[in-house]
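Each chain is listed here by its residues.
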Amino acid sequence: MLVDSHCHLDLIDPSLERVDALLQEAAAVGVGHFLCVSVSLANAPVVRGLAARYENVSASVGVHPNHVDQAEPQVAALAELAADPLIVAVGETGLDYHYGADHIALQQTRFRTHIRAAREVCKPLIVHMRDATDDTLRILDEERASEVGGVMHCFTEDWPTAQRALDLGFHVSFSGIVTFKSAEPIREAARQVPAERLLVETDAPYLAPVPHRGKQNQPAYVRQVADCVAALRGMAPAELDAQVGRNFFALFRTARAPRLIPAQTVASP
Ligand SMILES: [Zn+2]
Ligand SMILES: [Zn+2]
């Protein structure tokens, strides 16, 4: 079963009619589960509400590194929010020096706060890393993030950098960027990441894959991302779908996996 491991349903459209339609469109192309990711303490209740409404939506809690005009999260308060059974991960968190070069110290403190909260509740991290590779990986290491693991979401770096994240115990998730022909180093990473550490995502409403590039992204388009990664790896699409589904529920241990259909019961003699 294909899973969109990172989307922002509430940022595509907060109306529930639209979310209903988005999930149905995704289901029609085989996408069975969605991780809706929080970007601020303000939108965290909305994200949690979607997980409460839809059995196949999971939620996270966290404050994005580029949100500067928020109440700053503290470890205890974040851990309390993250302990909620509907919350399967802490994030998104991380470092973004591309858009946030003027508040690097704040980002680093906030990142450490998220890692400490994740360790306190023993839930995995969703890590955003942009133009900040060395600091991101160093802080993950210093704060012993490998105790809980997590995912390097929307991975946009090369294979040697992916290896460093894998060495810290992290999964690697590819977004629509992998479909851009210019992204050869990312495509090489998508070929090389071990099958059991691979995830795919849309990061909708951002970064629509080819052939939807430039339009608003939506969870159904994870189909194009998955099929591109399958082709790069020489895998059948169905095989890749099954692999990323298994990986998702292995990493996000408290996400509600779809009920398995029981094997046919053998009548006792
Ligand atoms: Zn991100
Ligand atoms: Zn995101």
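Residues numbered from 1 in each chain as written. Chains lettered and ligands numbered in written order. Predicted model: local features only at pLDDT ≥ 70, side-chain atom pairs only at ≥ 80, totals over all residues. Heavy atoms only, no water.

### Thoughts on the coordination of the zinc ion (ligand 1)
The reference angle at a metal is 109.5 degrees if four donors form a tetrahedron and 90 or 180 degrees if six donors form an octahedron.
In step 1: Bound to the zinc ion (ligand 1) on the protein side are Glu 92 (OE), His 128 (ND1) and His 153 (NE2), at distances that span 2.0 to 2.1 Å.
In step 2: Read in sequence order, the donor residues coordinating the zinc ion (ligand 1) give the pattern E-x35-H-x24-H.
In step 3: Taken as a pair, the zinc ion (ligand 1) and the zinc ion (ligand 2) show a spacing of 3.5 Å, with Glu 92 coordinating each metal. Of this pair, Glu 92 sits in strand E4 (residues 87–96) while His 128 is found in strand E5 (residues 125–130), placing the two residues 36 residues apart along the sequence. (Donors = N, O, S within 2.8 Å, 3.2 Å for Na, K, Ca; no water. Helix = DSSP H or I, 4+ residues; strand = E, 2+ residues; numbered from the N terminus.)

### Let's talk about the layout of surface pockets
In step 1: Approximately 410 Å³ is the volume attributed to the largest pocket.
In step 2: Along the walls of the largest pocket sit 19 residues, with His 64, His 128, Arg 130, Asp 203 and Leu 207 positioned nearest its centre.
In step 3: When residues in the lining of the largest pocket are grouped by element, the largest group, three residues, is from E5.
In step 4: Taken together, the residues of the lining of the largest pocket sort by class into eight nonpolar, seven polar and four charged. (1 Å grid on protein atoms, 1.4 Å probe; cavity = no way out; pocket = protein on both sides within 12 Å on 5 of 7 lines; lining within 4 Å. Points joined across faces, edges and corners; volume = space filled by probe spheres on them. Nonpolar A, V, L, I, M, F, W, Y, C, P; charged D, E, K, R; others polar.)

### Brief notes about the environment of Ala 26
In step 1: Checked against the element boundaries, Ala 26 lands in helix H2 (residues 16–28).
In step 2: Taking the relative accessible area as the measure of exposure, Ala 26 reaches 0% and is therefore buried.
In step 3: Separated by 195 residues in sequence, Ala 26 and Tyr 221 place their C-alpha atoms 7.6 Å apart.
In step 4: In contact with Ala 26, other than residues within four places in its own chain, are Val 31, Phe 34, Pro 219 and Ala 220. (Buried < 20%, exposed > 50% of the residue type's maximum accessible area, 1.4 Å probe, protein only. Contact = heavy atoms within 4.5 Å.)

### Topic: helix H3 (residues 44–53)
In step 1: Residues of H3 that are buried include every one of Ala 44, Val 47, Leu 50 and Ala 51, and no others. Mapping the buried residues of H3 onto a view down its axis gives an arc of 125°, with all of them on the same face. For H3, exposure combined with an orientation more than 90 degrees from the buried face picks out Pro 45 and Ala 52.
In step 2: As for H3, its buried residues are in contact with helix H1 (9–12), H2, strand E2 (31–36) and strand E3 (57–61). (Arc of directions from axis to C-beta.)

### A few points about the packing of aromatic side chains
In step 1: The tally for this structure, following the rule as stated, stands at three aromatic pairs.
In step 2: Summarising the aromatic geometry, the rings of Phe 248 and Phe 249 are spaced 5.1 Å apart at their centres and angled 85° between planes, so their arrangement reads as edge-to-face.
In step 3: Taken together, a centroid distance of 4.8 Å and an interplanar angle of 45° make the contact between Phe 248 and Phe 252 tilted.
In step 4: A connected cluster of aromatic rings, assembled from ring pairs, spans Phe 248, Phe 249 and Phe 252.
In step 5: Geometry around Phe 180 places Arg 213 over its ring, the cationic atom sitting 3.6 Å from the centre. (Phe/Tyr/Trp six-rings, centres within 6.5 Å; stacked < 30°, edge-to-face > 60°. Lys NZ or Arg CZ within 6 Å of the ring centre and 35° of its normal.)

### Some points on the coordination of the zinc ion (ligand 2)
In step 1: The protein atoms that coordinate the zinc ion (ligand 2) are His 6 (NE2), His 8 (NE2), Glu 92 (OE) and Asp 203 (OD), at distances spanning 2.1 to 2.5 Å.
In step 2: Taken together, the four donor atoms coordinating the zinc ion (ligand 2) and their angles of 85 to 175° define a geometry best described as irregular.
In step 3: Within one chain, the residues donating to the zinc ion (ligand 2) are spaced in sequence as H-x1-H-x83-E-x110-D. (Tetrahedral: all angles 85-135°; square planar, octahedral: opposite > 155°, others 65-115°.)

### Notes on a nonpolar patch on the surface
In step 1: Together, Leu 11, Tyr 206 and Leu 207 line one region of the surface with nonpolar side chains, adding up to about 240 Å² of accessible area.
In step 2: Mapped onto the elements of the fold, Leu 207 is located in the loop between strand E8 (198–200) and helix H9 (222–233).
In step 3: Given the relative accessible area of 31%, Leu 207 is considered partly exposed. (Patch = residues over 30% accessible without salt bridge, like charges linked within 9 Å, V, L, I, M, F, W, Y side chains within 5 Å. Areas by Shrake-Rupley, 256 points an atom, 1.4 Å probe, with all protein chains shown as cover. Salt bridge = Lys/Arg side-chain N within 4 Å of Asp/Glu carboxyl O.)

### Observations regarding the side chain of Thr 136
In step 1: Relative to the assigned elements, Thr 136 resides in helix H6 (residues 133–142).
In step 2: Overall, Thr 136 belongs to the buried group, its relative accessible area being 0%.
In step 3: From its side chain, Thr 136 meets the backbone oxygen of Ala 132 in a polar contact 2.6 Å long.
In step 4: If we skip the residues at most four places from it in the chain, Thr 136 touches Leu 95, Phe 111, Val 127, Met 129 and Met 152. (Polar contact = N/O pair within 3.5 Å; in protein donor to acceptor, adjacent residues only side chain to side chain.)

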